[in-house]
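# Examining the three-dimensional arrangement
Chain residues, written in single-letter form:
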Amino acid sequence: MPPVAICREVPPTIGDCELTHLGREPIDVAAARREHTAYILALEELGCRVELLPADPDHPDSVFVEDTAVVLDGVAVLTRPGAESRRGEVDAIERALAPLVECVRIAAPATLDGGDVVRLGERLFVGMSSRSSEAGARALRALVRPFGYTVDAVPVRGCLHLKSAATAIADDAVLANPEWVDPAAFGAREVVLVDPGEPFAANVVRVGDTLVHDERYGLTRARLERAGQRVRPVPAAELAKAEGAVTCCSLVLPDRRTRP
Ligand code: CIR
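Before going into details, it helps to say that this report is about the structure given with it. (Residues numbered from 1 in each chain as written. Predicted model: local features only at pLDDT ≥ 70, side-chain atom pairs only at ≥ 80, totals over all residues. Heavy atoms only, no water.)

### What about empty space enclosed by the protein?
Empty space among the atoms can be located by rolling a probe the size of a water molecule over them. Tallied over the entire structure, the rule returns two cavities of 30 Å³ or more. Surrounding the largest cavity, Glu18, Asp61, Phe64, Asp67, Arg86, Arg131, Leu160, His161, Ala242, Glu243, Gly244 and Cys248 form its lining. In this model, the second largest cavity occupies a volume close to 50 Å³. In terms of lining residues, the second largest cavity is bounded by Glu35, Tyr39, Pro235, Ala236, Leu239, Gly244, Ala245, Val246 and Cys249. Classifying every residue of the lining of the second largest cavity gives seven nonpolar, one polar and one charged. (1 Å grid on protein atoms, 1.4 Å probe; cavity = no way out; pocket = protein on both sides within 12 Å on 5 of 7 lines; lining within 4 Å. Points joined across faces, edges and corners; volume = space filled by probe spheres on them. Nonpolar A, V, L, I, M, F, W, Y, C, P; charged D, E, K, R; others polar.)

### Regarding the site of the ligand
Among the 14 residues in the neighbourhood of the ligand, the closest are listed as Glu18, Asp61, Glu66, Ala242 and Cys248. Within the side chain of aspartate 61, one N or O atom sits 2.7 Å away from a nitrogen atom of the ligand. Aspartate 67 is positioned with one of its side-chain polar atoms (N or O) 2.8 Å from a nitrogen atom of the ligand. Burial of the ligand by the protein amounts to 98% of the accessible area it has alone, namely 340 Å². A molecule is said to occupy a pocket when more than half its atoms come within 2 Å of that pocket's grid points, and by this definition the ligand occupies the largest cavity. Residue classes in the shell around the ligand are distributed as four nonpolar, three polar and seven charged. (Near = heavy atom within 4 Å. Polar contact = N/O pair within 3.5 Å; in protein donor to acceptor, adjacent residues only side chain to side chain. Areas by Shrake-Rupley, 256 points an atom, 1.4 Å probe, with all protein chains shown as cover. Sits in = over half its atoms within 2 Å of the grid points.)

### Overview of the pairing of strand β12 (residues 204-207)
Direction of pairing for β12 relative to strand β13 (residues 210-214): antiparallel, over a ladder of four bridges. Of the residues in β13, the one forming a bridge with valine 204 is histidine 213. Here β12 folds back onto β13 in antiparallel fashion, the turn holding two residues, of which glycine 208 has a positive phi close to 60°. (Pairing = 2+ DSSP bridges. Helix = DSSP H or I, 4+ residues; strand = E, 2+ residues; numbered from the N terminus.)

Just distances and angles here, no functional claims.
Dropping the structure here:
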């Protein structure tokens, strides 16, 4: 079975998105939609079956589906996002995931954004950001332990989510910005650092053996390629004005152990 990727259309209200570390700039909705379409085509080209959910204008950040769930082998954890304005995004994602995988849910008062969860094999790392609480990390640990995963909390500074600071490029390797997270926290065999002039370049989506990466970060792309990685650049500048990066726009289900 091909991997399934869940995505959601860009809503017309995206200009009203949450912003934490960025100033508000006008967002060109048509340009954001063109980028999103190019991203979906890239996922399809890499073998994903994309399930595209309709836009939800009541939730300006709803294109950033990653924050609403942590999808693992055999289980999906529906989150309780740290921003109150985003909590209403979760039910539609649960409806999309439930036919595919067993779903469990983080309960109040814990908060967790999927963008704060980095997975290296069976080890999960949760960024202690403005969105995800220690209670959120504890709740995740209790929910995923029966499925064989460990959970460690990781300090993160200066950026929105842990995945702004570091993402997995293999089950034992990370791409990281050391200004925002200590790369040693992951105990990875290999660390590739972003080019210092590209602080936002640590975010990649792994699809099979390819990394989907923002096309603006050529110096970091060259570092990844020198490390033997295959990279698929995509346009992402308009959605970046909403403080989103490439991982935020999809939930890629592992192709093993999903429901038939
Ligand atoms: C937010 O602040 O929640 C959105 N404007 C951006 C979310 C980006 N999501 C992610 O990095 N996983």
